[in-house]
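Chain and residue survey
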Amino acid sequence: YQIFLYFICAFQNISCGIHYLASVFLSVSPQHTCRPPGNVSRVLFQGISSWRLEDIWTQFSIGREDHIIVQLQDGEIWELTSCHSFRRDNKSSLNYDYNGHKSSFPCLDGYIYDKSKWRSTVVTEWDLVCNREWFGRLIQPTFMLGVLLGAVIFGYLSDRAGRRLVLWATSTGAFLFGIAAAFTFDYYSFIVARFLLAICGSGYLVVVFVYVTEFVGMKSRTWASIHLHSFFAFGTMVVALTGYLVRTWWIYQIVLSTVTVPFVLCCWMLPETPFWLLSEGKYEEAQKVIDTMAKWNRTRSCKLSELLSLDHNGSAGNKPSQVEKHTLSDLFYDWSIGTRTLIVWLIWFTGCFGFYTFSLNSVNLGGNEYLNLFLMGAVEIPAYIFVCFGMDRVGRRSILVFSLLSSAVTNGVIMVIPKDYHVWCVVASMAGKFAIGAAFGLIYLYTAELYPTIVRSLAVGSGSTVGRVGSIAAPFCIYLSSIWIFMPQLLVGTLAFVSGVLTFMLPETLGKPLTTTWEETEKESSSGKLLSTTDNTVLENIAVVNSEDSGLNK
């Protein structure tokens, strides 16, 4: 029964992965030039003469400011560049080089775009080039801002309204806003639709992690939670495949949005989690869910009334004591804990920043951009398998250090590979994505184990928030490649190296029970040992409760 629920929920993660990276092809900015202010009779480009302006795109060189000479039917001669047009005063010479006087004008008649790869994109739809270029560059950062807001909103609502309702609402919202984005009439409505889509997608990722955690047993919880990331990676591969097959942006957006339909049709079958029902005092409904699970699994059910009649001390009917509220300042309990918190935040930032930088930059590596993005998604799956096997054998800290330093090294390797060696650039980038993906998949669990129960959810939630700031910053990092082509690799590599070195300062948590108080944490820091003050059942419940404020930080 749990396997059935898991794969239904995990399938929707594919849709989330799709929307998070759909802008890679939505916001493609093709070669362009000013539209001539009249009917063209002849075109000249670097000694090549043609009658049609559309025939010269194959001669353009990316990164070089070329200009096109056109002669209009009225005899005027214009020089066209990507953002300006120049009218020559001398109408008798159609030579490519001209030293006479000419008047400068902006592209008042719009632009002509190269449609050899994409028939239309968001950029070509609303002319997001030249002085409007930053509007196009804000598409992904504003989406990530919605991701940050959605995690906060729906993390709170799932505790009040229940996991099932929020899963249905967020998936339905993702479908509706995804379709709405395809039919928007201007740039601003498109941004609003994508922003609301991001809120829903992020809300789903947060709540589905809690939902799965509360249904999957302790034995399989680590594998189940980490491999939810794998379905997100499948979404990246779907984006690459769809981008290759569909070259019109609004059709592309509709096709990607339809991936949500199967879950919307099936989510009515999802039950509410027994944990949430019990927390709301709905014992009969919780018992029905337990009975259904037992029937599907062909095993004997249990009576919740008997299990809940005794607490862990063997007494009945005692209400839990009031829980003390904790604030962000508690993560800086002393100098040692404060240092630990700053290091953990840096790792969260580096993981998310590097994760999206590798994915978004894949289309700039040369070669086939669709294959590049597909491989960037595919390489995540073995990375998560590597984490699952490695962290229980050599330790969390060792795997994290290895992953971060490996990412730093691969970024350095990318910087020394000649630009024409596209295959080697892609291979090195895949190695870097593998390494940063492994760190990304491990940091949530490691953070939860580094802090005592009283602030565990606060630590994971704050780290998740810092990570989302890294997600917002990643698109801007890609734009810095216009200053220097290897600027993204330099920034990611530097952050990964610093984070990897600082991770040596964190304690290993493999094979140690979770701490519950600051005193136990201090003893763990000084002696390397943790006090076991809680049994496994209590720890399991703690892990479930504290997962509610975190979720998958995609």
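Details of the structure are given in the entry above.
Residues numbered from 1 in each chain as written. Predicted model: local features only at pLDDT ≥ 70, side-chain atom pairs only at ≥ 80, totals over all residues. Heavy atoms only, no water.

Another aspect to go through is the nonpolar core. Where a protein is soluble and globular, its nonpolar side chains tend to be buried together. Counting residues in hydrophobic clusters, the biggest one holds 130 residues, and the most contacted among them are Phe190, Tyr252, Leu270 and Tyr356. A per-element tally of this core places helix 7 (residues 187-215) first, with 16 residues. (Core = buried A, V, L, I, M, F, W, Y, C linked by side-chain atoms within 4.5 Å. Buried < 20%, exposed > 50% of the residue type's maximum accessible area, 1.4 Å probe, protein only. Helix = DSSP H or I, 4+ residues; strand = E, 2+ residues; numbered from the N terminus.)

It is worth spelling out the state of the cysteines at this point. Here the structure, examined in full by the defined rule, presents 2 disulfides. Each disulfide pairs two cysteine sulfurs, and for Cys83 the partner residue is Cys130, the sulfurs being separated by 1.9 Å. Between Cys83 and Cys130 the disulfide shows an S-S torsion of about -95 degrees. By sign, it is left-handed. Residue Cys83 is found in the loop between strand 5 (77-80) and strand 6 (84-88), and its partner Cys130 is found in the loop between helix 3 (122-125) and helix 4 (133-137); the two are separated by 47 residues along the sequence. Across the protein, the way the bonded cysteines pair up, counted in sequence order, is 1-3, 2-4. Here Cys9 stays free of any disulfide, with the sulfur of Cys267 as its closest cysteine sulfur at 9.4 Å. Assessed through its relative accessible area of 0%, Cys9 is described here as buried. Left unpaired, Cys267 is separated from the closest cysteine sulfur, that of Cys266, by 8.0 Å. (Disulfide = S-S within 2.5 Å.)

Let's shift gears to the side chain of Asn372. Along the chain, Asn372 falls in helix 16 (residues 369-378). Among residues more than four places away in sequence, those in contact with Asn372 are Ser362, Leu365, Gly366 and Val426. (Contact = heavy atoms within 4.5 Å.)

Another point: the packing of aromatic side chains. Counted under the stated rule, the structure contains 35 aromatic pairs. With centroids separated by 6.2 Å and ring planes inclined at 40 degrees, the aromatic side chains of Tyr111 and Tyr113 adopt a geometry described as tilted. Where Phe386 meets Phe402, the ring centres are 6.1 Å apart and the plane angle is 50 degrees; that geometry is what we call tilted. Here Phe386, found in helix 17 (residues 380-391), pairs with Phe402, found in helix 18 (residues 396-416); they are 16 residues apart in sequence, far enough to count as distant. (Phe/Tyr/Trp six-rings, centres within 6.5 Å; stacked < 30°, edge-to-face > 60°.)

What follows concerns the environment of Val28. Looking at the secondary structure, you find Val28 in the loop between helix 2 (23-26) and strand 1 (32-34). For the pair Val28 and Gly136, spaced 108 residues apart in sequence, the C-alpha to C-alpha distance is 8.9 Å. Other than its neighbours up to four places away in sequence, Val28 contacts Trp118, Thr121 and Val123.

On to the environment of Tyr111. With respect to the element layout, Tyr111 can be found in strand 8 (residues 111-113). Remark: the alpha-carbon pair of Tyr111 and Thr124, spanning 13 residues in sequence, is separated by 8.5 Å. Discounting chain neighbours no more than four positions away, the residues touching Tyr111 are His32, Thr33, Arg35, Ser82, Asp127, Val129, Cys130 and Asn131.

A separate point is helix 18. Compared with an ideal rise of 1.5 Å per residue, which puts 21 residues at 30 Å, helix 18 spans 31 Å between its outermost C-alpha atoms and is within 8% of the ideal. Among the residues making up helix 18, those that are buried are Arg396, Ile399, Leu400, Val401, Ser403, Leu404, Ser406, Ser407, Ala408, Thr410, Asn411 and Ile414. The inward-facing, buried residues of helix 18 abut helix 15 (335-361), helix 17, helix 19 (422-450) and helix 21 (487-503). (Expected span 1.5 Å × (residues − 1).)

The quantities given are spatial measurements derived from coordinates; they are silent on function.
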